[in-house]
There are 2 protein chains.
Amino acid sequence: VPPIERLGIVGVGLIGASFALALRAAGAVGRVVGAGRDPGNLERARALGAIDEATHDPAAAARDADFVLVATPVGAMGEVFERIAPVLGRDAVVTDAGSTKAGVIELARAGLRARIPQFVPGHPVAGSDESGAAAGRADLYRGREVIVTPLPENPPALVGRVRAAWHECGARVSEMTPADHDAVLAAVSHLPHLIAYALMGEVARRADAKDLLAHAGTGFRDLTRLAASHPVMWRDICLANRVALLAELRRYQDSLSALGALLEQGDAGGLERAFSEARTLRRAWTAQSAVEE
Amino acid sequence: VPPIERLGIVGVGLIGASFALALRAAGAVGRVVGAGRDPGNLERARALGAIDEATHDPAAAARDADFVLVATPVGAMGEVFERIAPVLGRDAVVTDAGSTKAGVIELARAGLRARIPQFVPGHPVAGSDESGAAAGRADLYRGREVIVTPLPENPPALVGRVRAAWHECGARVSEMTPADHDAVLAAVSHLPHLIAYALMGEVARRADAKDLLAHAGTGFRDLTRLAASHPVMWRDICLANRVALLAELRRYQDSLSALGALLEQGDAGGLERAFSEARTLRRAWTAQSAVEE
């Protein structure tokens, strides 16, 4: 008997499909039922071998499942929790893949109500600018971090089952409070998306956009890659983590304005110091991190 | 006889060494004399086969050369032009690799004086966060763009010799006015560097920098890669293109503030529209450009 006998996945996109494929590759899952809105996407998930059965009803995916992953955009999770609460088995554990945690937990408390102890919030810090089941890969989580943010109500055994499932996918699992998670992710993930959208958007609105882009190279490419991310997903994440993200945005704008002031004053020494400080940390980070360059 | 019989390179870093290596690989150059300040770097350039002879004197590299590349940081070019002017042969052509053009041309007019018709300004839009001769590669310019910004005084034959040399390196060559060059590069290259330095610098100054970076993934990595660039080189470029860069910075800050306002107001529709607009252009650009993802 595999560790997960029946897996329900609500939202079979890149994240959900990759979770199923990784567990299958590890021999860690039996039957997989996927719920989603787009029949074509569900059919591709089935063709890929990510799911055995497709449904439009989140409740049908959760019923009889011992493990449920909610991997829809954050904005759709409230309804999903409401739909699955009545059918959730006593021994089932539910986790999610949302990029913000405080907001998702609020939705889960409202939707799952008495079942909230069965919900162990999580966030696989992996992804790509691709989306949909067709982009799913069994190795998406290999070496990547998954942050689990347990609730006071969670029995340790359920937290352990969620951690174990991600380990089977090859991920490193860490634990944080939901508030810490949201503050850290605002700085290292949500703000970078906003930066990329702002830069690409500024160019997009110009009459000479085509001309400019014809001369853009690898630097501009790297800086705007995140602007290819899914607009609805990132709208939801930004709104769900609004307070922390606005705080980060202000800090970043101050940092940018400080460089602008040095430039305006022609302060060569100040610019060099600021650039050197940034470079030193960047090099120290990539030298000691698992992040490949 | 190769197209370039004797090449003088002043500033044998990544750019200068790669130019020499590329010309050698194409059989397009005879003898190469490299001038620079750092004896260790010059020795590495010689060991790599980029240069045949090393000197500390820019004039010694330019004397008897039929082709001179000035590839020092922009801030050092004024002195280089002054030093090489008295020894420059009548038939020699001089070009540079500076990332800004109006400022370099001003330095060239002041330093080369009557020899200014022999100076054809250029900018290879290539590079890396590595620097020094040891990072030199014969294929650095393959498929990359080199922008030549001729002066009214340049004889067409000299412009042709500079274009031909870059073609030998495998580059695509385009022509622009110096002012257009500086405006375009401010938008697609200089501003992205400022953005990366500002983001990395903001994180660097925080007490929890290590903690934050431990959870940073590929998005943050892509966005801050340019912050590993050479601080002195980028200080010079930013100052030399100060006016155009400050204009770009203001536009970008407005774009960022507009996203911040949508976020503050919780305007889901507005955020989604802004993100979609940026994504559409990003995808159209990468689909049709030579820039590999």
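The shown structure was predicted, so the numbers you read here are calculated from the model rather than taken from an experiment. (Residues numbered from 1 in each chain as written. Chains lettered and ligands numbered in written order. Predicted model: local features only at pLDDT ≥ 70, side-chain atom pairs only at ≥ 80, totals over all residues. Heavy atoms only, no water.)

## Quick look at the overall build of chain A
- A count of helices and strands for chain A gives twelve helices and nine strands.
- Compactness check: chain A gives a C-alpha radius of gyration of 21 Å against a globular reference of 19 Å for 293 residues, within 12% of the reference.
- Principal axes of the C-alpha set define a box for chain A whose edges measure 65 × 40 × 35 Å.
- When each of the 293 residues of chain A is scored for burial, the buried share is 58%.
- Restricting to contacts in chain A with at least 6 residues of sequence separation, those with at least 24 account for 73%.
- Of the roughly 11,200 Å² of accessible surface on chain A, a fraction of 51% belongs to carbon and sulfur atoms. (Helix = DSSP H or I, 4+ residues; strand = E, 2+ residues; numbered from the N terminus. Rg over C-alpha atoms; globule rule 2.2 N^0.38 Å. Buried < 20%, exposed > 50% of the residue type's maximum accessible area, 1.4 Å probe, protein only. Contact = heavy atoms within 4.5 Å. Areas by Shrake-Rupley, 256 points an atom, 1.4 Å probe, with all protein chains shown as cover.)

## Some remarks on the sheet that holds strand S8 (residues 145-148) of chain B
Residues and elements named next belong to chain B.
- Strand order across the open sheet formed by three strands is S7-S8-S9, with mixed pairing between neighbours. In the strand order of this sheet, the two ends are held by strand S7 (122-125) and strand S9 (172-175), each with one partner. On average, each strand axis in the sheet is tilted by 25 degrees relative to the strand beside it, whichever way the strands run.
- Looking at chain direction, S7 and S8 are connected through four bridges and run antiparallel. The residue bridging His-123 from the neighbouring strand is Ile-147, located in S8. (Pairing = 2+ DSSP bridges. Axes fitted to C-alpha atoms, helices over the stretch in contact; angles between N-to-C directions.)

## Section: the nonpolar core
- Counting 131 residues, the largest nonpolar core has Phe-81, Phe-119 and Tyr-252 of chain A together with Phe-81, Phe-119 and Tyr-252 of chain B as the members making the most contacts within it.
- Ignoring anything within four residues of it in the chain, the contact list for Phe-81 of chain A reads Val-70, Val-94, Val-104, Leu-107, Ala-108, Gly-111, Leu-112 and Phe-119 of chain A. (Core = buried A, V, L, I, M, F, W, Y, C linked by side-chain atoms within 4.5 Å.)

## Topic: the interface of chain B and chain A
- If you look at the interface, chain B gives 84 residues, while chain A gives 84 residues.
- Around 8,100 Å² of area is buried between chain B and chain A when both sides are counted, 66% of it from carbon and sulfur atoms.
- When the buried area of chain B at its contact with chain A is split by residue, His-215, Leu-263 and Phe-275 of chain B rank highest and sum to 9% of it.
- Taken together, the links from chain B to chain A amount to ten salt bridges.
- As a salt-bridge pair, Arg-235 of chain B and Glu-272 of chain A come within 2.7 Å of each other at their nearest N and O atoms.
- Those elements giving two or more residues to the side of chain B that touches chain A turn out to be S8, helix H7 (178-204), helix H8 (209-214), helix H9 (218-224), helix H10 (231-240), helix H11 (242-264) and helix H12 (268-288) of chain B. (Buried area = accessible area lost by both parts, 1.4 Å probe. Salt bridge = Lys/Arg side-chain N within 4 Å of Asp/Glu carboxyl O.)

## Concerning the side chain of Arg-279 of chain A
- For Arg-279 of chain A, the position within the fold is in helix H12 (residues 268-288).
- Among the residues examined, Arg-279 of chain A registers a relative accessible area of 16% and is labelled buried.
- Once you skip the residues sitting within four places of it in the chain, Arg-279 of chain A turns out to touch Ser-131, Ala-227, Ala-228, Ser-229, His-230 and Pro-231 of chain B.

## Examining the sheet that holds strand S4 (residues 67-70) of chain B
All names here are of chain B.
- Read from one edge of the open sheet, six strands run S3-S2-S1-S4-S5-S6, paired in parallel fashion. Among the strands making up the open sheet, the edge pair consists of strand S3 (53-55) and strand S6 (119-120).
- In this sheet, S6 lies alongside strand S5 (residues 93-96) in parallel orientation, the contact comprising two bridges. Note on S6: the bridge partner recorded for Val-94 is Phe-119.
- Contacts between helix H1 (residues 14-25) and the sheet are confined to strand S1 (4-10), strand S2 (29-35) and S4, with S1 contributing the most and set at about 165 degrees to the helix.
- On the sheet, helix H4 (residues 77-84) packs against S1, S4, S5 and S6 and is oriented at approximately 160 degrees with respect to S4.

## Some remarks on the environment of Glu-277 of chain B
- As for its placement among the helices and strands, Glu-277 of chain B is situated in helix H12.
- Apart from the residues lying within four places of it in its own chain, the contact partners of Glu-277 of chain B are Gly-201, Ala-204 and Arg-205 of chain A.

## What about the packing of aromatic side chains?
- For the structure shown, the criterion picks out twelve aromatic pairs over all chains.
- Taking 4.7 Å as the distance between ring centres and 55 degrees as the angle between the ring planes, the aromatic pair formed by Phe-19 of chain A and Trp-166 of chain A counts as tilted. Taken together, the residues span a long stretch of sequence, with Phe-19 of chain A in helix H1 (residues 14-25) and Trp-166 of chain A in helix H6 (residues 156-168) at a distance of 147 residues.
- Take Trp-166 of chain A: its relative accessible area is 0%, and that puts it in the buried class.
- For the ring pair Phe-275 of chain A and Tyr-197 of chain B, a centre distance of 3.9 Å and an interplane angle of 5 degrees mean the geometry is stacked. Here Phe-275 of chain A is found in helix H12, whereas its partner Tyr-197 of chain B is found in helix H7 on a different chain. Tyr-197 of chain B shares its class with Phe-275 of chain A; the two are buried.
- Aromatic ring contacts, followed pair by pair, group Phe-19, Phe-67, Tyr-141 and Trp-166 of chain A into a single cluster. (Phe/Tyr/Trp six-rings, centres within 6.5 Å; stacked < 30°, edge-to-face > 60°.)

## A closer look at the environment of Pro-86 of chain B
- Turning to its location among the elements, Pro-86 of chain B is positioned in the loop between H4 and S5.
- It is 8.1 Å that separates the C-alpha atoms of Pro-86 of chain B and Ala-59 of chain B, two residues lying 27 residues apart in sequence.

## Structural notes on H1 of chain A
Residue and element names in this part refer to chain A.
- For H1, built from twelve residues, the straight-helix expectation of 16 Å at 1.5 Å per residue is met to within 8% by its first-to-last C-alpha distance of 16 Å.
- Burial analysis of H1 places ten of its twelve residues in the buried class, the great majority of the element.
- Within H1, the full set of buried residues consists of Leu-14, Ile-15, Gly-16, Ala-17, Ser-18, Phe-19, Ala-20, Leu-21, Ala-22 and Leu-23.
- At its buried positions, H1 is contacted by strand S1 (4-10), strand S2 (29-35), helix H2 (39-48), strand S4 (67-70), strand S7 (122-125) and H6.
- A positive phi of about 65 degrees marks Gly-27, the residue just after H1. (Expected span 1.5 Å × (residues − 1).)

## Digging into unusual backbone geometry
- Even without glycine at this site, Asp-64 of chain A takes up a positive phi of about 70 degrees.
- One can find Asp-64 of chain A in the loop between helix H3 (58-62) and S4.
- What makes Asp-64 of chain A exposed here is its relative accessible area of 61%.
- Positive phi, normally seen in glycine, also occurs at Arg-113 of chain B, with a value near 50 degrees.
- Secondary-structure assignment places Arg-113 of chain B in the loop between helix H5 (102-112) and S6.
- The exposure class of Arg-113 of chain B is exposed, given its relative accessible area of 64%.

## What to know about the side chain of Ser-99 of chain B
- Its place among the elements puts Ser-99 of chain B in the loop between S5 and H5.
- Sequence-distant contacts of Ser-99 of chain B, that is, excluding residues within four places in its chain, are made with Val-74, His-123, His-181, Leu-185, His-190 and Ile-237 of chain B.

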